[in-house]
Amino acid sequence: MFSTDNLYEVVSFSTDTTKTGNKMGRLLLKDTATGSMLNCMLWEERLNQHSPKTFKPGNILRIISATQNPNYNNCTLENVKLIKEARLGLSEEETTFYWNKLQSYISKIKDEKLKNFVSEQISKHQDSFKIKPAGISMHHNFVGGLLVHTVECLEFAELNMSKFACEINEDNIYAATTLHDLGKIFEYNIDLETGAITYVDTFKTDFISHSQYGYCLCLTNGFKIVARMIAAHHGRTDWGAVI
């Protein structure tokens with residue numbers, strides 16, 4: 001149930017087309033007071049009354065008027081007010097910081113063949129890697145989110161590797177961690193003006209998921225162990241792991 005007294009953070013926003021050809025908007029809002037989630041929709045007429053920047057992920061909104069739809073567990077927004085606009089993502093300085101940190105982790109790979117392969121894949125796609133998000137709503141859904149997420153995963157990997165009692169191959173772990181979400185540069189689009197994130201429809205005609213993309217990339221280049229690590233990185237098949 002929505003409240004006109006509470007403030008809501010935009011978690012995700014996307015547009016869709018109805019069967020009749022009309023445009024509609026879908027929002028996931030988080031109540032900043034309770035943390036509860038609210039599924040919302042806007043019909044085309046209402047959607048066109050607002051700037052696309054209004055629904056940028058991270059923005060804080062107040063619901064002015066809406067209708068609750070108990071049968072569908074959502075509400076239809078009629079009017080909202082933008083209270084606070086969020087940043088779109090990383091600044092140029094932050095991008096440089098995270099990019100240099102990513103490069104420093106790649107340089108830790110001792111096997112020259114593997115290091116050159118990882119470096120080539122990242123460098124070849126650096127323009128996309130620096131701006132693409134790591135998700136639509138789950139995490140790091142902002143400009144540069146994929147870069148931040150990858151560096152954070154490498155930091156966690158480095159910290160955990162120092163605690164392992166068993167023998168491990170650090171090169172494989174650094175490589176798999178660096179490339180585990182590379183497929184997301186093809187899976188997601190992000191509007192650099194509004195921050196709106198959408199799926200690339202054609203991606204899933206070629207690949208099941210970004211995990212499968214990473215698996216195929218590494219497997220076809222001869223890095224079988226790294227490929228299997230990427231295939232399993234979601235932990236469970238019902239969470240998206242390939243194996």
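To be clear, the structure that these remarks concern was listed above.
Residues numbered from 1 in each chain as written. Predicted model: local features only at pLDDT ≥ 70, side-chain atom pairs only at ≥ 80, totals over all residues. Heavy atoms only, no water.

*Asks:* What is the right way to read the overall build of the protein from this model?
*Replies:* Regarding its fold elements, the protein presents ten helices and seven strands. C-alpha extents for the protein along the principal axes are approximately 60 × 35 × 35 Å. Expressed as a percentage of its 243 residues, the buried residues of the protein come to 44%. Excluding contacts between residues fewer than 6 apart, the proportion of contacts in the protein whose partners are at least 24 apart in sequence is 54%. As displayed, the protein has an accessible area near 13,200 Å², and 51% of this comes from carbon and sulfur atoms. Taking the average location of the 25 positive side-chain charges in the protein and that of its 28 negative ones, the two points are 2 Å from each other. (Helix = DSSP H or I, 4+ residues; strand = E, 2+ residues; numbered from the N terminus. Buried < 20%, exposed > 50% of the residue type's maximum accessible area, 1.4 Å probe, protein only. Contact = heavy atoms within 4.5 Å. Areas by Shrake-Rupley, 256 points an atom, 1.4 Å probe, with all protein chains shown as cover. Lys, Arg positive; Asp, Glu negative; His and termini not counted. Charge placed at Lys NZ, Arg CZ, Asp CG, Glu CD.)

*Asks:* Any chance you could explain the packing of aromatic side chains here in plain terms?
*Replies:* We describe a pair of aromatic rings using the distance from one ring centre to the other and the angle between the two ring planes. Under the counting rule described, the total for this entry stands at six aromatic pairs. Ring centres 5.2 Å apart and planes at 85° place the aromatic pair phenylalanine 97 and tyrosine 98 in the edge-to-face group. Between tyrosine 188 and tyrosine 199, the aromatic rings sit 5.5 Å apart at their centres with planes inclined by 45°, giving tilted as the arrangement. Of this pair, tyrosine 188 sits in strand β6 (residues 188-190) while tyrosine 199 sits in strand β7 (residues 197-199), and the two are eleven residues apart along the sequence. Classification of tyrosine 188 by relative accessible area gives buried; the value is 7%. Between the NZ or CZ atom of lysine 130 and the centre of the ring of tryptophan 99, over which it lies, the distance is 4.8 Å. (Phe/Tyr/Trp six-rings, centres within 6.5 Å; stacked < 30°, edge-to-face > 60°. Lys NZ or Arg CZ within 6 Å of the ring centre and 35° of its normal.)

*Asks:* Whenever I open this one, helix α10 (residues 224-231) confuses me. Can you help?
*Replies:* Residue pairs three or four apart in sequence face the same way in an α-helix, which turns once every 3.6 residues. The complete set of buried residues in α10 reads Val226, Ala227, Ile230 and Ala231. The buried residues of α10 occupy an angular sector of 140° when the element is viewed end-on, so they sit on one face. Exposed residues on α10 whose side chains face more than 90 degrees from its buried face are Lys224, Ile225 and Arg228. Where α10 is buried, its residues meet α3 (112-124), α6 (170-179) and α9 (210-220). (Arc of directions from axis to C-beta.)

*Asks:* Would you explain the pairing of strand β5 (residues 74-84) in this entry?
*Replies:* Along any regular strand the residues' side chains alternate between the sheet's two faces. Where strand β3 (residues 37-43) meets β5, two bridges bridge the pair, whose relative direction is parallel. Paired with cysteine 40 across the bridge in β5 is cysteine 75. The sheet contact formed by strand β4 (residues 60-69) and β5 spans nine bridges and is antiparallel. If you follow alanine 66 over to β5, its bridge partner there is leucine 77. (Pairing = 2+ DSSP bridges.)

*Asks:* What am I meant to see in the pairing of β4 here?
*Replies:* Taken together, the three bridges between strand β1 (residues 7-17) and β4 define a ladder with antiparallel strand orientation. For glutamate 9, the partnering residue across the bridge sits in β4 and is isoleucine 60. Counting the residues in the hairpin turn of β4 and β5 gives four residues, including asparagine 73, whose phi is positive at 55°.

*Asks:* What is the right way to look at the packing of α3 against α6 in this model?
*Replies:* A pair of packed helices can be characterised by two numbers: the angle between their axes and the separation between those axes. With their axes 10 Å apart at the nearest point, α3 and α6 run at an angle of 10° to one another. Here α3 lies roughly parallel to α6, going by the angle between them. Residues Leu114, Phe117, Val118, Gln121 and Ile122 of α3 touch α6, and the partners they reach there are Asp171, Asn172, Ala175, Thr178 and Leu179. The residue makeup of the contact of α3 with α6, split by class, is six nonpolar, three polar and one charged. (Axes fitted to C-alpha atoms, helices over the stretch in contact; angles between N-to-C directions. Parallel < 35°, antiparallel > 145°, perpendicular 65-115°, else oblique. Nonpolar A, V, L, I, M, F, W, Y, C, P; charged D, E, K, R; others polar.)

*Asks:* How should I be thinking about the packing of helix α2 (residues 92-106) against helix α5 (residues 145-161) in this particular structure?
*Replies:* One can describe the packing of α2 onto α5 by two numbers: an axis separation of 10 Å at closest approach and a directional angle of 40°. Considering the angle they form, α2 stands oblique to α5. Note on packing geometry: the crossing formed by α2 with α5 is left-handed. Contact residues: Thr95, Tyr98, Trp99, Lys101, Leu102 and Tyr105 in α2; Leu147, Val148, Thr150, Val151, Leu154, Glu155 and Glu158 in α5. Tallied by class, the residues present in the contact of α2 with α5 amount to eight nonpolar, two polar and three charged. (Left-handed = near helix turned anticlockwise from the far one by under 90°.)

*Asks:* Sorry, what's going on with the nonpolar core here?
*Replies:* Taken as a class, soluble globular proteins show a tendency for nonpolar side chains to be buried jointly. The biggest cluster of nonpolar side chains holds 35 residues, and the ones touching the most others in it are Leu102 and Phe129. Considering each element in turn, this core owes the most residues, seven residues, to α5. With residues up to four places along the chain from it excluded, the contact list for leucine 102 reads Ile122, Phe129, Leu147, Thr150, Val151, Leu154 and Thr178. In terms of nonpolar packing, the next biggest core, distinct from the first, is built from 18 residues, Val10, Leu38, Cys75 and Ala196 among them. (Core = buried A, V, L, I, M, F, W, Y, C linked by side-chain atoms within 4.5 Å.)

*Asks:* Got a minute to help me understand the environment of methionine 138 in this structure?
*Replies:* With respect to the element layout, methionine 138 can be found in the loop between α4 (126-129) and α5. On the basis of relative accessibility, which here comes to 75%, the residue methionine 138 falls in the exposed class. It is 24 Å that separates the C-alpha atoms of methionine 138 and leucine 47, two residues lying 91 residues apart in sequence.

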